[in-house]
Amino acid sequence: MSKANLNYQLQQVVHAAFCPGASKKSYREQVGSSKTDKIFSYASYEAIKNTSKDFGKYMKAEYPDVRHLADIRAKHVEGYLSYKSLSCNQNTLTKFKTHLESIGLFARKRFRSVNPDNFMTTRMISSNKRNNVKVGNPMDTKTVDTLIGAASSKSRKSNLYNALVMCKATGLRVDEIAHQKASDFHLDERGKYGFGYITVTTPKHNRAREVHITTAEYKKALKQMIPDGRERIITCTRATLQNNLANLKKELKIDSQTLKGFHSIRKHYAQEYFDFVRKKNPRKVAIGRTNETLGHGYSRAVSDLSTYVTNIY
């Protein structure tokens, strides 16, 4: 077993399991199992790596005497998940559980003294997140602009700054932002409002759509981020964008309980777009167009949009 500290061992086994470019389907067919000891995508690698770091910090604080992967037990995993249940919803909690199970497989492959079953728990741990906190409230314009201004002066400007501006101007999901290409920008076309539009070709639920730009200011900002000589606008993963934004919010002391990063900026866009359309159209049309431009579908329930738009009724 390595003499390195526990946090380093966790990072070590996750990094060793990463196989970019390999075929996940072929490997699963080869081993005959849906659970593998390898990571195939950059997004999964970033997510599992972040979980391993967080778990390592938890173990250092709560169980400082546990210094080797072989000494981890199910009670440690259950303790970590119970701790995270205070601030995470059930879906996020399930992801953490799955990530830890995968880390157990990675650790076993590298260190034969590790029992992967110790990274699993049969105990059902439910989210105990405080129900009185509204998760992911719309971000106000001042806070959005503060984040954009701060990102513009950072070394990470080229990606985080562009992602924040794109989210404010278009309301795209962070995963959609990470996949936008220069060829998706049609800013020299007139578009619905005279300022061009962008196409979203890698959307959630396979709902490809056009997002029409509403102001000359947004058009100018989007044009400035189109790179020379490459297609991708953003050159890092969704997870990296989310982590960089979380760090920036922490640095600026912006509330992370009610303002959940890109999704809160997306809600800011929804409110702004709804008000823009509502000025010249009936409420029903404004609801439909807002749902459509968010990628929800024109006929999505009004109650669903009410979590994005405050004056919908």
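What you see is a predicted model; the values in this text were computed from it and never measured. (Residues numbered from 1 in each chain as written. Predicted model: local features only at pLDDT ≥ 70, side-chain atom pairs only at ≥ 80, totals over all residues. Heavy atoms only, no water.)

**Student:** Outline the overall build of the protein chain, listing residues and values.
**Tutor:** Scanning the protein chain for helices and strands turns up 13 helices and three strands. Each principal axis of the C-alpha distribution contributes one length, and for the protein chain these read about 65 × 50 × 40 Å. By residue count, 45% of the 313 residues in the protein chain fall in the buried class. For the protein chain, restricting intrachain contacts to residue pairs at least 6 apart in sequence, the fraction spanning at least 24 positions comes to 63%. Split by element, the accessible area of the protein chain, about 16600 Å² in all, is 48% carbon and sulfur. Between the averaged position of the 55 positive side-chain charges in the protein chain and that of its 27 negative side-chain charges there is a distance of 2 Å. (Helix = DSSP H or I, 4+ residues; strand = E, 2+ residues; numbered from the N terminus. Buried < 20%, exposed > 50% of the residue type's maximum accessible area, 1.4 Å probe, protein only. Contact = heavy atoms within 4.5 Å. Areas by Shrake-Rupley, 256 points an atom, 1.4 Å probe, with all protein chains shown as cover. Lys, Arg positive; Asp, Glu negative; His and termini not counted. Charge placed at Lys NZ, Arg CZ, Asp CG, Glu CD.)

**Student:** Talk me through the sheet that holds strand β1 (residues 185-186); I want residue IDs and the actual numbers.
**Tutor:** Reading across from one edge, β1-β2-β3 is the order of the three strands in this open sheet, with antiparallel pairing throughout. This sheet does not close on itself; its edge strands, each paired only once, are β1 and β3 (209-212). Relative to strand β2 (residues 197-200), β1 is paired through two bridges, and the arrangement is antiparallel. Across the sheet, the residue bridging to H186 is Y197, located in β2. (Pairing = 2+ DSSP bridges.)

**Student:** Could you give an account of the packing of helix α3 (residues 42-62) against helix α5 (residues 90-110), with specific residues and numbers?
**Tutor:** Interhelical geometry of α3 versus α5 gives an angle of 90 degrees and a closest axis separation of 10 Å. Classified by the angle between their axes, α3 and α5 sit roughly perpendicular to one another. Residues A47, I48, T51, S52 and F55 of α3 form the contact with α5, whose participating residues are F96, H99, L100, I103 and F106. Residues that form the contact of α3 with α5 fall into these classes: seven nonpolar, three polar and no charged. (Axes fitted to C-alpha atoms, helices over the stretch in contact; angles between N-to-C directions. Parallel < 35°, antiparallel > 145°, perpendicular 65-115°, else oblique. Nonpolar A, V, L, I, M, F, W, Y, C, P; charged D, E, K, R; others polar.)

**Student:** Tell me about the pattern of salt bridges, and name the residues and values.
**Tutor:** The final tally for this structure, using the stated rule, is nine salt bridges. Ionic pairing is found between K168 and D145, a salt bridge with its closest N-O pair at 2.6 Å. Of this pair, K168 sits in helix α7 (residues 157-170) while D145 sits in helix α6 (residues 141-152), and the two are 23 residues apart along the sequence. Exposure remark for K168: the relative accessible area of 11% places this residue in the buried category. The class of D145 is partly exposed, set by a relative accessible area of 36%. (Salt bridge = Lys/Arg side-chain N within 4 Å of Asp/Glu carboxyl O.)

**Student:** Any chance you could break down the environment of D140 for me, citing the residues and the numbers?
**Tutor:** Inspection of the secondary structure assignment puts D140 in the loop between α5 and α6. Distance in space between the C-alpha atoms of D140 and K181 is 28 Å, their sequence separation being 41 residues. A polar atom in the side chain of D140 sits 3.2 Å from the backbone nitrogen of K142. (Polar contact = N/O pair within 3.5 Å; in protein donor to acceptor, adjacent residues only side chain to side chain.)

**Student:** Can you lay out unusual backbone geometry for me, pointing to particular residues and giving the numbers?
**Tutor:** With a phi angle near 60 degrees, K253 is a residue other than glycine that sits in the positive phi range. For K253, the position within the fold is in the loop between α10 (238-251) and α11 (262-278). Relative accessible area serves as the criterion here: at 78%, K253 is assigned to the exposed category.

**Student:** Pulling in residues and values, what's your account of the packing of aromatic side chains?
**Tutor:** A complete count under the given rule lists eleven aromatic pairs for this structure. Where F18 meets Y45, the ring centres are 4.3 Å apart and the plane angle is 5 degrees; that geometry is what we call stacked. Of this pair, F18 sits in the loop between α1 (6-17) and α2 (24-31) while Y45 sits in helix α3, placing them 27 residues apart in sequence. Given a relative accessible area of 11%, Y45 falls into the buried group. Taking 5.7 Å as the distance between ring centres and 20 degrees as the angle between the ring planes, the aromatic pair formed by Y269 and Y273 counts as stacked. On the criterion of helical spacing, the pair formed by Y269 and Y273 is a turn pair, its members being four residues apart in helix α11. Of the two residues examined, Y269 and Y273, each falls in the buried class. Within the aromatic cluster, the residues linked to one another by ring pairs are F55, Y58, Y63, Y80, Y83 and F96. Directly above the aromatic system of Y308 lies the positively charged group of K267, at a separation of 5.3 Å from the ring centroid. (Phe/Tyr/Trp six-rings, centres within 6.5 Å; stacked < 30°, edge-to-face > 60°. Lys NZ or Arg CZ within 6 Å of the ring centre and 35° of its normal.)

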